[in-house]
Amino acid sequence: MVGIMAAVFNFLFERDIILSNENGGAYKINRIISLNDPNEIPIIGSSRAEASFIPEILGSNYFNYGLEGTQENVMLFFIKEECKKKNKKSAIIIANIDLDGINTKTGDMANYLYNSDNENVKKLMTEKYKYQYAIPFVKYTGQFENYFRNYLNNKMQLTKYSKDGAFIDKTVLPQKLIDALIEYRKTHQDVFLHEDNLKNEFFNELNSNKSRFFVFVVPPYHSCYFTNYKNPEDAKAFLDELRALSNARVFDFSGVKYPDSLFINTTHLNYNGAVRFTKEFKDSLNTLKISNFK
């Protein structure tokens, strides 16, 4: 009897909480694996993707797969899953680029539990994978509150904008708080570094999918981010490597100065900033004549 109740609860929990929360990481992981919409144009990357691109401004066929707390190992997973889809009417993949290099960061394990039986998802979890993740219901132990909180945030949207995978803070910070964040940047050094093996795998995947067109985008940073940025020449060299690919285009907005009021911190835009950026990016995207890549 207990087993039946657990199975029913697990089914309802996955259907009504995990898979009905489109801004949730677990939903996004499952969507990229299981959805094969020939018209969808994916936007992938870290929290800077999630909080910078508003799909409904770009068009009805865009979806934001950005995941907080992740880096290029997870981006590469999304690229591989997307490139498996052979019936695509649009060849475009939009990918956010962060200015700290190509690195590994997997983020919240709750993103991966629903699809923990998938071998590629299991690889992302690496040594954090546990045998209990193969057991329905039990694998969510310790994560139920996390899923419910994200679900409620998505439904209520009191302080966040949430639609088509985008999850963006609506808050306009008081200037005093912005000033404190700027002061922190003056004492914090940022650096551009690569994990060589991951970078090689990243470029191999791009070169192996010449039928897909990659649009790499660096959304705006607050200008103070570059106060102690150690090696901007390495970041520029990396962007130039991407530009050299025959199936890629790079749009770099990192140096575009936005007012303080459009940031939620020094590396992420708030909703008003995301609206402005998405409109500006849409103008740039239109120069590509997207119909040429269908």
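Calculation notes
Residues numbered from 1 in each chain as written. Predicted model: local features only at pLDDT ≥ 70, side-chain atom pairs only at ≥ 80, totals over all residues. Heavy atoms only, no water. Core = buried A, V, L, I, M, F, W, Y, C linked by side-chain atoms within 4.5 Å. Buried < 20%, exposed > 50% of the residue type's maximum accessible area, 1.4 Å probe, protein only. Helix = DSSP H or I, 4+ residues; strand = E, 2+ residues; numbered from the N terminus. Contact = heavy atoms within 4.5 Å. Pairing = 2+ DSSP bridges. Right-handed = clockwise from strand over helix to strand, strands pointing away.

### Structural notes on the nonpolar core
Nonpolar side chains in soluble globular proteins generally cluster together in the buried interior.
Thought 1: Ranked by size, the top nonpolar core spans 54 residues in total, and within it F78, Y112, Y147, F202, L206, F216 and L242 carry the most contacts.
Thought 2: Ranked by residues supplied to this core, first place goes to helix α5 (residues 72–83) with seven residues.
Thought 3: Other than its neighbours up to four places away in sequence, F202 contacts M75, L76, I79, I102, F216 and L242.
Thought 4: Listed in part, the 21 residues of the second largest apolar core include Y62, F251, F281 and L288.

### Here's the deal with unusual backbone geometry
Thought 1: The residue F137 is not glycine, and still its phi comes out positive at about 70°.
Thought 2: Judged by its relative accessible area of 29%, F137 falls in the partly exposed class.
Thought 3: Phi angles above zero are rare outside glycine, and D164 is one such case at about 55°.
Thought 4: Take D164: it is sitting in the loop between β4 (160–163) and β5 (166–169).

### Structural notes on the pairing of strand β6 (residues 213–218)
Thought 1: Extensive coverage of β6 is indicated by the burial of six of its six residues.
Thought 2: Neither face of β6 is open: one carries F213, V215 and V217, the other F214, F216 and V218, and all of them are buried.
Thought 3: Pairing geometry for strand β3 (residues 92–96) and β6, over five bridges, is parallel. Bridge assignment links I92 to a residue of β6, and that residue is F213.
Thought 4: Direction of pairing for β6 relative to strand β7 (residues 248–252): parallel, over a ladder of five bridges. Looking at the pairing, V215 lines up with R249 of β7.
Thought 5: For the handedness criterion, the β-α-β arrangement of β6, helix α10 (residues 232–243) and β7 is classed as right-handed.

Interpretation in functional terms is not warranted from these geometric data alone.
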